[in-house]
Amino acid sequence: MSRKLDSPVQTQTAVAVCNSPCNGDYHGGKRMEGKPAGRRRIFVQTESGSVLGMELDRGDNAHTVKRRLQLAFNVPTDESSLTYGDMILNNDLSAIRNDSPLLLTRNLMHRSSSTPCFSPTGKALQQSDQSGLIEIIGCSSFCTRTNELVEETVKAIKNGVDPIPLNSGLGGAYYFRNIRGESVAIVKPTDEEPFAPNNPKGFLGKSLGQPGLKRSVRVGETGFREVAAYLLDYDHFANVPPTALVKITHSIFNVNDSMNGNKLQKKIMVSKIASLQQFIPHDFDASDHGTSSFPVAAVHRIGILDVRIFNTDRHAGNLLVKKLDGIGRFGQVDLIPIDHGLCLPESLEDPYFEWIHWPQASIPFSEDELEYIRNLDPFHDSEILRKALPMIREACLRVLVLCTIFLKEATAFGLCLAEIGEMMSREFQSHNEEPSELEFVCLEARRIVAEREMLFSEAELTDGEVQFDMDFEDAEEVLTPRMSRNSFNKASFHCEFKGVNGRNPLSKLEESIEEEEIEVDEEPARAGTTNEYRFSTDSELSMSLEKLSLGGKAEVANMVGSRRSANELLPASTSFVKLVDMNEEEWILFLEKFQELLYPAFANRKSSSINPRQRQRLGTSCQF
């Protein structure tokens with residue numbers, strides 16, 4: 001897996017399709033019918049933001065793709081790389097699936113801010129674009145409802161019904177309507193996200209692939225996360241509206257001048273990659289309505305989804321409320337969760353769960369809800385996302401696996417939704433951001449894995465030939481206490497890492513953007529601000545977790561109600577735990593130790609006398 005994950009792609013998006021046999025305005029699930037065996041269609045986005053749809057033959061490679069881009073858009077392709085999610089494609093394209101998006105990136109040293117953008121004009125686009133007005137990107141077999149939605153939207157566009165821009169939010173979004181003028185879909189172009197080059201509301205300054213509002217969610221990658229949340233909402237359990245990733249063409253979209261970032265005054269036909277979500281008629285959002293009338297089951301189901309996908313931005317504004325009785329009495333409203341672009345981060349950070357202090361979250365799960373959770377299979381979920389969204393990064397899938405295991409084990413232990421959310425949330429201590437209880441467990445599991453590797457490495461160096469006379473299980477006893485759901489023995493172990501302002505050799509990961517890479521940067525310690533944690537026994541681990549629950553109240557008393565928003569442009573959250581840097585063997589061992597360590601943490605949570613609603617969380621809402 002390549003470590004060059006950054007994709008500094010400037011975005012003014014225009015799409016053309018070369019050699020496409022498809023004509024018409026919408027191409028859905030049967031678009032591969034009639035094509036020669038081995039042929040695939042891909043969408044390649046250039047440095048300037050232009051998107052070229054092309055057919056791949058068996059003999060095509062990265063060089064032929066670059067040549068087509070150069071001929072189509074008159075853009076230089078020297079010193080550039082094709083990237084496909086985590087992969088950099090040197091030549092072979094056999095791993096590319098049909099309808100996959102690729103990025104053409106260039107080294108920063110070869111870029112110039114004075115280089116003009118050679119995107120095609122609206123007239124040239126109309127002449128060269130043989131694709132439809134809207135095309136679903138990825139596996140459309142998962143998007144039956146969105147196929148119907150796309151057809152309805154295309155019909156309206158052809159009949160002159162224009163979309164309407166939304167004024168709210170930080171990014172570009174548009175209501176697309178049906179032939180009767182009714183809003184049926186919300187479209188969010190990836191290049192109009194906050195900080196993206198074509199953002200229409202002044203939140204500029206970053207390229208696609210760089211860290212965005214949340215450091216572990218890159219600019220331009222919220223669209224596929226919206227789709228992932230819908231795909232993971234099996235049986236419409238949490239009520240996520242149908243969502244798809246699409247290529248969509250219209251003159252309503254915003255395009256900024258590549259030189260100064262100002263909006264182009266002349267509207268042109270331009271195509272973009274965007275998320276398309278069904279619009280759900282509603283009466284208001286949760287911020288405009290008392291939460292006491294919300295059904296317990298609806299809150300639980302949304303919370304279950306948020307925990308699985310590690311939602312970092314579940315605020316009241318992205319919970320729509322629809323009255324079922326015309327009045328909105330208790331239990332007579334429906335909740336619709338939207339805006340999941342900041343879920344499935346690449347590493348654990350600070351989630352934000354608006355429901356965490358609602359009384360419904362403290363009520364035990366129903367048997368139906370527990371059965372739903374027991375049937376969840378995070379490894380199957382990961383395969384579903386790999387198939388439907390081939391551009392998704394492995395780091396995101398590991399967060400999904402970790403959080404689903406955490407949810408399953410926590411509910412099996414008997415924790416309620418509020419307790420689970422509290423264990424995932426961070427707090428302030430002495431004005432510093434501290435790891436959550438979930439992160440404490442992850443750090444200890446990572447230490448065990450690291451010590452295991454060190455133990456056997458030393459054994460190999462000590463002996464002339466590898467000796468494993470010591471039974472493997474005996475070695476494991478040295479490294480970690482034996483723990484089960486019902487009991488655990490007192491064994492000696494410790495976890496050492498520095499606080500947020502200190503150096504953490506295990507997993508304090510400060511990412512810095514240099515050219516095309518996200519590199520690990522260990523921040524130097526500041527005198528007098530380092531916090532050190534040592535866990536000598538399992539009881540001390542529990543005591544430490546208890547202090548994490550109790551501590552810092554005096555220090556954060558003056559911060560009650562001060563929710564952070566992107567408007568304040570506060571520094572990015574610290575990443576204490578990174579999962580993607582483990583190889584497959586280490587990852588499997590980590591998950592095993594993670595599960596073993598959960599039960600002392602759960603027992604501590606259960607035995608704590610703290611009222612969860614009195615705890616002060618750190619969570620950041622982006623109002624995205």
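Residues numbered from 1 in each chain as written. Predicted model: local features only at pLDDT ≥ 70, side-chain atom pairs only at ≥ 80, totals over all residues. Heavy atoms only, no water.

Before going further, it helps to examine the nonpolar core. One finds Trp355, Phe406, Ile420, Met424, Phe590 and Phe594 to be the most contacted residues of the largest nonpolar core, which totals 62 residues. Put simply, the parts of the chain that give this core at least two residues each are helix H5 (296-308), strand S15 (319-323), strand S16 (333-337), helix H6 (367-374), helix H8 (394-413), helix H9 (417-424), helix H10 (437-462) and helix H14 (584-607). Considering each element in turn, this core owes the most residues, ten residues, to H14. If we ignore the near neighbours within four places in the chain, the residues touching phenylalanine 594 are Leu402, Ile405, Phe406, Leu438, Val441, Cys442 and Ala445. Core analysis: the second largest hydrophobic core is formed by 26 residues, Leu231, Cys343, Ile392 and Cys396 among them. (Core = buried A, V, L, I, M, F, W, Y, C linked by side-chain atoms within 4.5 Å. Buried < 20%, exposed > 50% of the residue type's maximum accessible area, 1.4 Å probe, protein only. Helix = DSSP H or I, 4+ residues; strand = E, 2+ residues; numbered from the N terminus. Contact = heavy atoms within 4.5 Å.)

Sheet architecture is open: three strands sit in the order S14-S15-S16, paired in antiparallel fashion. This sheet does not close on itself; its edge strands, each paired only once, are strand S14 (284-285) and S16. As paired elements, S15 and S16 share five bridges and run antiparallel to each other. Among the inter-strand pairings, leucine 319 is bridged to a residue of S16, identified as proline 337. (Pairing = 2+ DSSP bridges.)

Assignment of secondary structure puts alanine 361 in the loop between S16 and H6. Judged by relative accessible area, alanine 361 falls into the buried class, the value being 0%. Sequence separation of alanine 361 and isoleucine 420 is 59 residues, and the distance between their C-alpha atoms is 9.5 Å. Those residues in contact with alanine 361, other than ones at most four positions away along the chain, are His300, Trp355, Ile356, Cys416, Leu417 and Ala418.

Moving on, we come to the environment of alanine 72. Considering the arrangement of structural elements, one finds alanine 72 in helix H1 (residues 62-73). With relative accessibility at 37%, the residue alanine 72 sits in the partly exposed group.

A few words on unusual backbone geometry. In this model, aspartate 235 sits at a positive phi of 60°, which is unusual for a non-glycine residue. Counting through the fold element by element, aspartate 235 comes out in the loop between helix H4 (222-232) and strand S12 (243-250). A positive phi is found at asparagine 239, a non-glycine position, where the angle reads about 80°. Of the residues examined, asparagine 239 reaches a relative accessible area of 18% and is grouped as buried.

Enumeration over the complete set of coordinates arrives at twelve aromatic pairs. Plain terms: the ring middles of phenylalanine 406 and phenylalanine 602 are 5.8 Å apart, the flat faces sit at 50° to each other, and that makes the pair tilted. With phenylalanine 406 in helix H8 and phenylalanine 602 in helix H14, this pair connects stretches of sequence that are 196 residues apart. Across the pair, exposure class does not vary: phenylalanine 406 and phenylalanine 602 are buried alike. Each ring, one from tryptophan 587 and one from phenylalanine 590, has its centre 5.8 Å from the other, and the planes form 15°; the classification is stacked. With tryptophan 587 and phenylalanine 590 both in helix H14, this residue pair falls three residues apart, about one helical turn. Pair check on accessibility: tryptophan 587 and phenylalanine 590 agree, each one buried. Site record: aromatic cluster; members linked through ring pairs are Phe406, Phe413, Tyr599 and Phe602. (Phe/Tyr/Trp six-rings, centres within 6.5 Å; stacked < 30°, edge-to-face > 60°.)

A few words on the pairing of strand S3 (residues 40-45). With six of six residues buried, S3 lies mostly within the body of the structure. Here S3 shows a buried face lined by Arg40, Ile42 and Val44 and a second buried face lined by Arg41, Phe43 and Gln45.

Turning our attention to the confidence of the model for the protein chain. For the protein chain, mean pLDDT is 74; residues scoring 70 or higher make up 64% of the total. Counting interchain partners and residues more than four positions distant, the pLDDT-below-50 stretch residues 108-127 has 32 contacts. Counted against residues more than four places away or in other chains, residues 466-571, with its pLDDT under 50, gives 224 contacts. (pLDDT = per-residue confidence, 0-100.)

This part is about the pattern of salt bridges. Under the definition given, this model contains 32 salt bridges. The shortest N-O distance in the salt bridge between arginine 41 and glutamate 135 comes to 2.7 Å. With a gap of 94 residues between them, arginine 41 in strand S3 and glutamate 135 in strand S8 (residues 134-136) connect regions that are remote in the sequence. Here arginine 41 falls in the buried class, since its relative accessible area comes to 0%. Notably, a salt bridge pairs glutamate 444 with arginine 447, separated by 2.7 Å at the nearest N-O pair. Pair noted here: glutamate 444 and arginine 447 are both in helix H10, with a separation of three residues, about one helical turn. (Salt bridge = Lys/Arg side-chain N within 4 Å of Asp/Glu carboxyl O.)

Okay, the packing of H4 against helix H7 (residues 378-388) next. Axis separation between H4 and H7 bottoms out at 11 Å; the angle between their running directions is 135°. As summarised for this structure, H4 and H7 are arranged oblique, according to the angle between their axes. The element H4 and its partner H7 pack so that their crossing is right-handed. Between H4 and H7, the contacting residues are Ala228, Leu231 and Leu232 on the first element and Asp381, Leu385 and Ala388 on the second. Grouping the constituent residues of the contact of H4 with H7 by class yields five nonpolar, no polar and one charged. (Axes fitted to C-alpha atoms, helices over the stretch in contact; angles between N-to-C directions. Parallel < 35°, antiparallel > 145°, perpendicular 65-115°, else oblique. Left-handed = near helix turned anticlockwise from the far one by under 90°. Nonpolar A, V, L, I, M, F, W, Y, C, P; charged D, E, K, R; others polar.)

For the pair H5 and H6, the least separation of the axes is 11 Å and the interaxial angle reads 20°. If you check the angle between H5 and H6, you find them roughly parallel. In terms of crossing hand, the pair formed by H5 and H6 is right-handed. Taken together, the residues of H6 that come into contact with H5 (itself represented by Ala297, His300, Ile304 and Arg308) are Glu369, Tyr372 and Ile373.

Tallying each qualifying case throughout the model produces five cavities of 30 Å³ or more. Looking at the largest cavity, its volume works out to about 340 Å³. Surrounding the largest cavity, 21 residues form its lining, Pro101, Leu103, Gly220, Glu221 and Met391 being those nearest its centre. Top contributing element to the lining of the largest cavity by residue count: strand S7 (residues 100-106), with three residues. Taken together, the residues that form the lining of the largest cavity break down as eleven nonpolar, eight polar and two charged. (1 Å grid on protein atoms, 1.4 Å probe; cavity = no way out; pocket = protein on both sides within 12 Å on 5 of 7 lines; lining within 4 Å. Points joined across faces, edges and corners; volume = space filled by probe spheres on them.)

Before going further, it helps to examine the pairing of strand S13 (residues 270-278). Taken across its nine residues, S13 has nine buried, putting it largely inside the fold. Burial along S13 is two-sided: Val270, Lys272, Ala274, Leu276 and Gln278 and Ser271, Ile273, Ser275 and Gln277, pointing in opposite directions, are all buried. In this structure, S12 lies alongside S13, joined through eight bridges in antiparallel fashion. Across the sheet, the residue bridging to threonine 249 is serine 271, located in S13.

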